[in-house]
Every structure is written in C-alpha cells, then in structure tokens.
Amino acid sequence: MTEVADRRFMSLALSLGRRGLGRTWPNPSVGCVIVRDGRILARARTADGGRPHAEVTALAACDAREATAYVTLEPCAHVGETPSCAEELARAGIARVVIATTDPDPRTAGQGIARLKAAGVAVETGLGGDEAREDLAGFLTRVTAGRPTVTLKLAASVDGRIATATGESQWITGPLARRDVHAMRARHDAVLVGAGTARADDPTLTIRDLGQDRQPVRIVFSRRLDLPLPSRLSQSVEAAPLWICHGTEAPAAAVARWAEAGARLFRCPTEGRQIAPAAALQALGAAGLTRIFCEGGGSLGASLLGADLVEDLICFTAGTALGAEGLPMIGALGLDALADAPRFRLAGVRPIGPDIRHHWRRR
Ligand code: AOF
Ligand code: ZN
C-alpha cells in the first residue's frame, strides 16, 4: 500500500470520527476504515453513547481477512460490554492495523498494540496523530487529567462589548452566527453558562433547527444556587439533561428544589465569589464529560481563562461598537504583567454572514 493511499484512508477515518463528536461521551469518537487491495470494505465510527466501538461495527459489515484497518485511536485491549477491539481485529484475520494515536486509558495504554502484534498483525502508529489528538483532545484530557476540555464562545462588538450599560444584549451577532453556535453545541457533550447568564437570558440552551436528535447536557455554575425556578431550563429537563454545579454555601432547600425539578447537582468548593473551576471540571470529568462548550458570561469566562482551563476560544465579532460603558466580554482577570496573560494562537478565521469568527487555540 502506498503512503498516499494510507494517508487518504486515515483521513477518511478521522473525518468519520469527527462526525461523532459530542455524541459518544464518556468514550472517544473513533473512526475506523477497513481496506483490501485499495478498496474500502467497511467504515464506522464509535456509536452514539460510546458503544459499540468503531472497529466492532466495521468488522461486522465485512469479511476482513488479509485487510488493513485504519483506526484513529489504538484499539482497546479490555473486554467490557463490547469485546476487545484488538482481539476482534486479529480474530477477523486483519493483516495490518494503522493507528493514528495511542490510547492512554490504563486498560489499553499500549496493550492494544501489544495484543495485535502478539497475534501476528502488522501495526503502524502515528499516521494522522496530530489531527487525531486534536479531535480526541476532550477524551484524552479526561483520561490523563481527569477533566473535560473547554471551548469558550464569545460574541461581541468590535470593541469587545457584549451589552450596553443597561444590559441590553440581544442580537449583537446575526442569525447565521447563531446557527453556527448551535452546530458547535452539537459537537460538544455539554453546554455551560454562569448563573448571571442563566438569570439574565433565561436560556433553553438546546439545539434547534438542525434536525438534532441528541441534545448536549446543559450545565449552570451557580455558587449560591439562587436561580429562578421555574425557568426555561427547568421546564425543558425532559428535552435535555440539566446539571448544576453549586457551591458549598447553597441552601439545602434550593438544592432539594432543583433535584425535585429534575436537575443533577454537583456540590463544588468555591474560590472567592466563584465556583472553583478546576474542581468543578474534575467533577464533570468524573461524570463522564469530555467536551464542554461554555457560552459565558464574562465572569465564568474569566474564571476559566484565569485558571488556564480554556482549550479553544471561538470569538464572533459584529460590526458595531458599544463603547467603554458597555459590558466587557471577559470579566476581570487580575493581571498585572502582560507576560501572565493567557495566550492563544490563531487556528481559523471566517466570515459568518455579516460577522467574523475567530478560532483561537491554547498555546
Ligand atoms: C476502541 N474503539 O471506538 C472506542 C474506544 O466502556 P467501554 O468498554 O466501552 O470502553 C471504553 C474505553 O474504550 C474508552 O475509555 C477508550 O479507552 C476506548 N474507546 N476504543 O477500540 C472505539 N470508542
Ligand atoms: Zn474497542
């Protein structure tokens, strides 16, 4: 097989895997393509909810004897509710496996590769590795650091304001940007807002108009759990799960009321006037989340940025100016030196209707 063909099939596996982002947590969304004599026999990604694994689905769809399997993550070595993918690949008679990146899950961590090799399968690792690690960053971070990755979405005027001094903030960016935001929500496991945003906007935080059959979890950080009840969030718990991270000082009565309303509650330590963001993310990682999409507001954004917990920044800019009296899109960071400012590198820039979208990635 030529290198060009290897790259082409791995790139197909990567794009299959990307289609499952936001749909497979707590598991990674893995892509798998099975090829013989340059012809694709089967292709699959990890199923919604995380099982069956990509390899199992692909193997079930073809006779894979003497074929090559392209997988974006090392096939698993453990027997769980699905069989070990490494063993299933070997048993199916696969001759060669091309792996983009290894799986740090301690149940696999190299043992998937070892099992394949022990069974006489040729194994190559690393093709498409950078791209795979980018796509699978949420899962890899959950396994190696115990927390999900965070994408922080901002939308503001050219002078970085999200509202006038009176708090008027609706429709700064246009309808196409809003649609784009909904598509981004769909590629994350959960959507997160702070208590201020939940109170001011009374949002639903569901995905609409995209034919979406699977809703991300909705999360609110509210230190005192003083959120209005009922609200659009509480009235839509049937449509999408609602999780609330609250501080230790939240009144027991409020905790009970929200549990009654169908929310899942996480008691978190506080740091000043905020929920301690690192501790809250650890709790959410333990609950299985791998990718969180944070939509503000400014204090929550600042708290996540200040703790260096933002992997990706998506910033929409609208062609308007709101002036120094407008509300800034990021709250106080308490910085003295420029050297301490969080740094991002540009990963993409695109006009979205009348607005601009910048994608920044952590350095
Ligand atoms: C694969 N192919 O498509 C995925 C894998 O709970 P389980 O038994 O489903 O195992 C989850 C682990 O399997 C997960 O932590 C990760 O290491 C691996 N995910 N592996 O071979 C797949 N999604
Ligand atoms: Zn597996």
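For clarity, every value in this text was computed on a predicted model and none was experimentally measured.

A. Up close: the pattern of salt bridges. Tallying each qualifying case throughout the model produces 23 salt bridges. Close ionic contact of K153 with E295 constitutes a salt bridge, the shortest N to O distance being 3.4 Å. Linking K153 in strand β6 (residues 149-157) with E295 in the loop between β14 (291-294) and α11 (298-306), this pair joins segments that are 142 residues apart in sequence. For the residue pair K153 and E295, the accessibility class agrees, reading buried in each case. Between D312 and R361 there is a salt bridge, and its shortest N-O distance comes to 3.0 Å.

B. Quick look at the UniProt feature "binding site: substrate" (unreviewed entry) in the protein. The UniProt record marks R185, L205, R208 and E295 with the feature "binding site: substrate" (unreviewed entry), using the residue numbering of this structure. The exposure class assigned to L205 is buried, which follows from its relative accessible area of 4%. Contact partners of L205, with chain neighbours within four places excluded, come to R185, V191, V193, R218 and L233. The partly exposed category is assigned to R208, whose relative accessible area is 41%.

C. Inspection of the sheet that holds strand β3 (residues 68-71) at higher detail. The mixed open sheet is built from five strands, whose spatial order is β2-β1-β3-β4-β5. The strands lining the two open edges of the sheet, one partner per strand, are β2 (39-45) and β5 (122-125). Each strand of the sheet is rotated relative to its neighbour by a mean of 15°, with strand direction disregarded. The sheet contact formed by strand β1 (residues 31-36) and β2 spans six bridges and is antiparallel. Looking across to β2, one finds that I34 is bridged to A42. Helix-sheet contacts for helix α1 (residues 3-19) involve β1, β2, β3, β4 (96-99) and β5, and the interaxial angle to β1 is about 150°.

D. Structural detail: the coordination of the zinc ion (ligand 2). Distances from the zinc ion (ligand 2) to its protein donors, H53 (ND1), C76 (SG) and C85 (SG), fall within 2.0 to 2.2 Å. Coordination geometry of the zinc ion (ligand 2): the four donor atoms subtend angles of 92 to 120° at the metal centre, consistent with an arrangement described as tetrahedral. The motif formed by the donor residues of the zinc ion (ligand 2), counted along the single chain, is H-x22-C-x8-C. On the criterion of sequence distance, the pair formed by H53 in the loop between β2 and α2 (54-60) and C76 in the loop between β3 and α3 (85-91) is long-range, its members being 23 residues apart. For H53, a relative accessible area of 15% gives the class buried.

E. Looking closely at the packing of aromatic side chains. In this structure the tally under the stated criterion is three aromatic pairs. Ring centres of F9 and Y70 lie 5.4 Å apart, and the angle between their planes is 45°; this geometry places the pair in the tilted category. One end of the pair, F9, is in helix α1; the other, Y70, is in strand β3, and 61 residues separate them in sequence. Across the pair, Y70 and F9 agree in class, each one buried. Following the ring pairs from residue to residue traces out a cluster consisting of W25, W243 and F266. Here R264 stacks its cationic end above the ring of W243, 4.7 Å away from the centre of that ring.

F. The arrangement of helix α4 (residues 111-118) in detail. Within α4, the full set of buried residues consists of G112, I113 and L116. For α4, the arc enclosing every buried residue in end-on projection is 100°, short of the 170-degree limit, so these residues lie on one face. The positive-phi residue at the C-terminal boundary of α4 is G120, with phi of around 85°.

G. Seen up close, empty space enclosed by the protein. Taken as a whole and assessed by the stated rule, the structure comprises three cavities of 30 Å³ or more. Empty space within the largest cavity amounts to approximately 70 Å³. L21, P28, S29, T290 and R291 are, among the 15 residues lining the largest cavity, the residues nearest its centre. In terms of residue class, the lining of the largest cavity is made up of five nonpolar, seven polar and three charged.

H. View of the nonpolar core. Among the nonpolar cores identified, the biggest contains 31 residues, and I219 and L284 are the most heavily contacted of them. With four residues, the top contributor of residues to this core is β6. Setting aside chain neighbours within four positions, we find L284 in contact with P148, I219, F221, W243, C245, F266, L289 and I292. Listed in part, the 26 residues of the second largest apolar core include C32, A67, A69 and I99.

What counts and what doesn't
Residues numbered from 1 in each chain as written. Chains lettered and ligands numbered in written order. Predicted model: local features only at pLDDT ≥ 70, side-chain atom pairs only at ≥ 80, totals over all residues. Heavy atoms only, no water. Salt bridge = Lys/Arg side-chain N within 4 Å of Asp/Glu carboxyl O. Helix = DSSP H or I, 4+ residues; strand = E, 2+ residues; numbered from the N terminus. Buried < 20%, exposed > 50% of the residue type's maximum accessible area, 1.4 Å probe, protein only. UniProt positions renumbered as here; feature names shortened; annotations may be inferred. Contact = heavy atoms within 4.5 Å. Pairing = 2+ DSSP bridges. Axes fitted to C-alpha atoms, helices over the stretch in contact; angles between N-to-C directions. Donors = N, O, S within 2.8 Å, 3.2 Å for Na, K, Ca; no water. Tetrahedral: all angles 85-135°; square planar, octahedral: opposite > 155°, others 65-115°. Phe/Tyr/Trp six-rings, centres within 6.5 Å; stacked < 30°, edge-to-face > 60°. Lys NZ or Arg CZ within 6 Å of the ring centre and 35° of its normal. Arc of directions from axis to C-beta. 1 Å grid on protein atoms, 1.4 Å probe; cavity = no way out; pocket = protein on both sides within 12 Å on 5 of 7 lines; lining within 4 Å. Points joined across faces, edges and corners; volume = space filled by probe spheres on them. Nonpolar A, V, L, I, M, F, W, Y, C, P; charged D, E, K, R; others polar. Core = buried A, V, L, I, M, F, W, Y, C linked by side-chain atoms within 4.5 Å.

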